Amino acid sequence: VRVIGYSLDEIIGKHYLELVHPDHKKQALRFYLKQTRERIPASNFEFCAVREDGGQVWLEQKVQIVTQGTEIIELQAVARDITERKKAEAESRRGYYTAKRGIRSYSLQYVVEVSPLTHRSPSLSRKGLGFFCLPHLPPLPFYDTSVTTI
């Protein structure tokens, strides 16, 4: 209750979807309907919630079905704030894709994977994968690959 900014009195009686960010409502509804239809005893779901002040907070919620005989009588939920983790994951993805773009443009300018032992590099031809020799390269005892300018 504290994480999303509502008092206990304000939250009692609210439908859980009222607290889910509009972009995540359909996914949350499908997820929990599936859990109850298939009687999955426990689940874990991450979603963006809307705070009482209109701000957003990411929650990881664990929901457990409570039954009496064959009837579901309630769903018990425990949620924790994972906003900082989601920010770190997004930052990590941005760094990964930035690095990937850099590697892609870098690899277009260089021949990679030259074996230090044979001074041979894979090459493509109409006949398939072949090798060409680079006899002028010195041995590289501590590296598996080398980068050579085309």
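Our subject is the structure listed above.
Here we summarise the structure given alongside this text. (Residues numbered from 1 in each chain as written. Predicted model: local features only at pLDDT ≥ 70, side-chain atom pairs only at ≥ 80, totals over all residues. Heavy atoms only, no water.)

Thoughts on the layout of surface pockets
Looking at the largest pocket, its volume works out to about 580 Å³. Going through the elements one at a time, strand 1 (42-50), strand 2 (56-68) and strand 3 (71-81) are the ones with two or more residues in the lining of the largest pocket. Sort the elements by how many residues they give to the lining of the largest pocket and strand 3 lands first, with 6 residues. Here the lining of the largest pocket is composed, by residue class, of 16 nonpolar, 2 polar and 3 charged. (1 Å grid on protein atoms, 1.4 Å probe; cavity = no way out; pocket = protein on both sides within 12 Å on 5 of 7 lines; lining within 4 Å. Points joined across faces, edges and corners; volume = space filled by probe spheres on them. Helix = DSSP H or I, 4+ residues; strand = E, 2+ residues; numbered from the N terminus. Nonpolar A, V, L, I, M, F, W, Y, C, P; charged D, E, K, R; others polar.)

Quick look at the pattern of salt bridges
The final tally for this structure, using the stated rule, is 8 salt bridges. For the salt bridge of R51 with D53, the shortest nitrogen-to-oxygen distance reads 3.4 Å. Among the residues examined, R51 registers a relative accessible area of 25% and is labelled partly exposed. Between K87 and E84 there is a salt bridge, with its nearest N and O atoms 3.6 Å apart. In this pair, K87 and E84 both sit in helix 3 (residues 83-107), 3 residues apart, roughly one turn of the helix. The exposure class of E84 is exposed, given its relative accessible area of 58%. Salt bridges sharing partners connect three or more residues here, namely E46, R85, K86 and E89. (Salt bridge = Lys/Arg side-chain N within 4 Å of Asp/Glu carboxyl O. Buried < 20%, exposed > 50% of the residue type's maximum accessible area, 1.4 Å probe, protein only.)

Re the nonpolar core
I4, F47, A49 and L59 are the most contacted members of the largest nonpolar core, which totals 14 residues. If you list the elements that add at least two residues to this core, you get helix 2 (25-37), strand 1 and strand 2. With residues up to four places along the chain from it excluded, the contact list for I4 reads I11, L19, A49, R51, E52, V57 and L59. (Core = buried A, V, L, I, M, F, W, Y, C linked by side-chain atoms within 4.5 Å. Contact = heavy atoms within 4.5 Å.)

Purely geometric stuff here, so don't read any function into it on its own.
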